[in-house]
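What follows is each chain in one-letter form.
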Amino acid sequence: MKITNTLQSGVSLNLSIAVKQMQAFLIALLVTLSMILIPWGGANAAPVTGPIKWHPGHYYTILNFGRDKAWYMDDVYRELASTPALRGIQVRFLWADIEKTEGVYDFKVIDQLLAGLSSRGKRLVLQVQTKSFNPDWKLVPDYLKTAKYEGGQFPFSTWGSKVHKGHNIKLWNPGVRDRLIALFAALGKRYNSHPYFEGIGMIESALGQPISPLTNAQQDGFYTNMLTVHERMRVQFPNTMTIQEMNYPRDILEKSVAKFKQLGTALGCPDVAPQEPGLLFEGSKYSPQGVYQHYRELSGIIPLAPTVEIINYENTRVDGTGHKPTISELLTFARDQLKANYIFWIRSPEHYRQVLETLNFTQNRSTPSGGLNPACPSTFASCVK
């Protein structure tokens, strides 16, 4: 009887693996065919009409130091396996982590992560960070730090301070814009058709407080080129969700959101902060509304994908004057108020165990999306599930 049961278990396991492999093959075939049928177009290309990979739900955002460490990723993989509501991970890379010299890209770590995830039926979301929060981090490749690109980056501080906090890119420079487009083109060529490459995006819209003030033309150029990059990104990733984190300034939100609705770009936010005044602001005749006000109106139209950062675990307001929320409180706000399709949870050492515990509650395990809105956005022609 033991031998019979063992054989039956082995057959069932092999059949399950075969089915998953066949599903992955069919998805890849469908995505590849759609790429052949969809023209690449120009910088002002119309919205892409091909099928988009769509696996909404909860995703870990892992800490950067651990993405190439076997011991760290082994822990992550175990947690993914024991938490069905976690559909995959988001990983962040600085621009210089990927482009080592002009036009020379290093995909090794991304490939390793994608192989480890796909073998487990989990998915990868990639964020390209064009803003650093430590002045010692290498944000951009060295070739961008030349006169042709105006040095490529500018230093910023926290509001009301001159302390150097990090760098942002000089995206108003057309050369910087075009090299960023080239980076996404290289990533799209390599990963768009991969069935477990779920999404790709850019870091928050806030500039930081430039240590040397920017001109109005530079600020306007920055955000105009940000939208141009997204136009090209939708063409370079015709079958993959693209994401832009938006928070500030509020006066760019309406124009940006209108473009995202046209393109089908996902609206992200670098904070789930239930009491943050600037994000919740309802708007007035003197000042535009905060980004959270756009979420409800966009529900079902484009993907909605906020992130729970480490600071959000500690307080409901960024300035620390709120209260310490429970994980359930953050989940309820993102799910019910922001109507999130995806939630990215930072794997903070002090908080991730509570996140796992909450996501393993029965109500969060009952659907593949972990209780989040699974409906295919109306701007997508179709979704590949």
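The structure under discussion appears in the preceding block.
Here the structure is a predicted model, which means the values were calculated and not measured. (Residues numbered from 1 in each chain as written. Predicted model: local features only at pLDDT ≥ 70, side-chain atom pairs only at ≥ 80, totals over all residues. Heavy atoms only, no water.)

Caption draft 1: Main features of the pattern of salt bridges. This structure, assessed with the given rule, holds 15 salt bridges. A salt bridge links Lys-131 to Glu-204, with the nearest nitrogen and oxygen atoms 2.5 Å apart. Placement of the pair is Lys-131 in the loop between β6 (123-129) and β7 (153-157) and Glu-204 in the loop between β9 (197-202) and β10 (209-210), with a sequence separation of 73 residues. On the basis of relative accessibility, which here comes to 15%, the residue Glu-204 falls in the buried class. Across the salt bridge formed by Glu-314 and Lys-324, the nearest N and O atoms sit 4.0 Å from each other. Of this pair, Glu-314 sits in helix α10 (residues 310-314) while Lys-324 sits in the loop between α10 and α11 (327-337); the two residues are 10 residues apart in sequence, bridging distant segments of the chain. Take Lys-324: its relative accessible area is 53%, and that puts it in the exposed class. In the salt-bridge network here, residues are joined through shared partners; they are Lys-138, Asp-142 and Lys-145. (Salt bridge = Lys/Arg side-chain N within 4 Å of Asp/Glu carboxyl O. Helix = DSSP H or I, 4+ residues; strand = E, 2+ residues; numbered from the N terminus. Buried < 20%, exposed > 50% of the residue type's maximum accessible area, 1.4 Å probe, protein only.)

Caption draft 2: Layout of the sheet that holds β6. On the basis of which strands lie adjacent, the closed barrel formed by eight strands has the order β2-β3-β6-β9-β11-β12-β13-β14 and parallel pairing. The average undirected angle you get between the axes of adjacent strands in this sheet is 25°. With three bridges joining them, strand β12 (residues 266-269) and strand β13 (residues 304-308) adopt parallel strand pairing. For Leu-267, the partnering residue across the bridge sits in β13 and is Leu-304. Across the sheet, helix α2 (residues 70-82) touches β2 (57-61) and β3 (86-94), and the angle it forms with β3 is around 150°. Where helix α12 (residues 352-359) meets the sheet, it contacts β2, β3 and β14 (342-346), and its direction lies at approximately 165° from that of β2. (Pairing = 2+ DSSP bridges. Axes fitted to C-alpha atoms, helices over the stretch in contact; angles between N-to-C directions. Contact = heavy atoms within 4.5 Å.)

Caption draft 3: Local environment of the packing of α11 against α12. Between α11 and α12, whose axes approach to 9 Å, the crossing angle comes to 60°. As summarised for this structure, α11 and α12 are arranged oblique, according to the angle between their axes. As α11 packs across α12, the resulting crossing turns out to be right-handed. Residues Ile-327, Ser-328 and Leu-331 of α11 pack against Gln-354, Val-355 and Thr-358 of α12. (Parallel < 35°, antiparallel > 145°, perpendicular 65-115°, else oblique. Left-handed = near helix turned anticlockwise from the far one by under 90°.)

Caption draft 4: Local environment of the side chain of Ser-256. Relative to the helices and strands, Ser-256 resides in helix α7 (residues 253-263). Each residue touching Ser-256, except ones within four places of it in the same chain, is listed here: Met-226, Leu-227 and Met-246.

Caption draft 5: Region of interest: the state of the cysteines. Per the counting criterion, the structure on display carries one disulfide. With its sulfur 2.0 Å from that of its partner, Cys-376 forms a disulfide with Cys-383. Looking down the S-S bond of the Cys-376 and Cys-383 bridge, the torsion is 85°, so its handedness is right-handed. Overall, the relative accessible area of 30% leaves Cys-376 in the partly exposed class. (Disulfide = S-S within 2.5 Å.)

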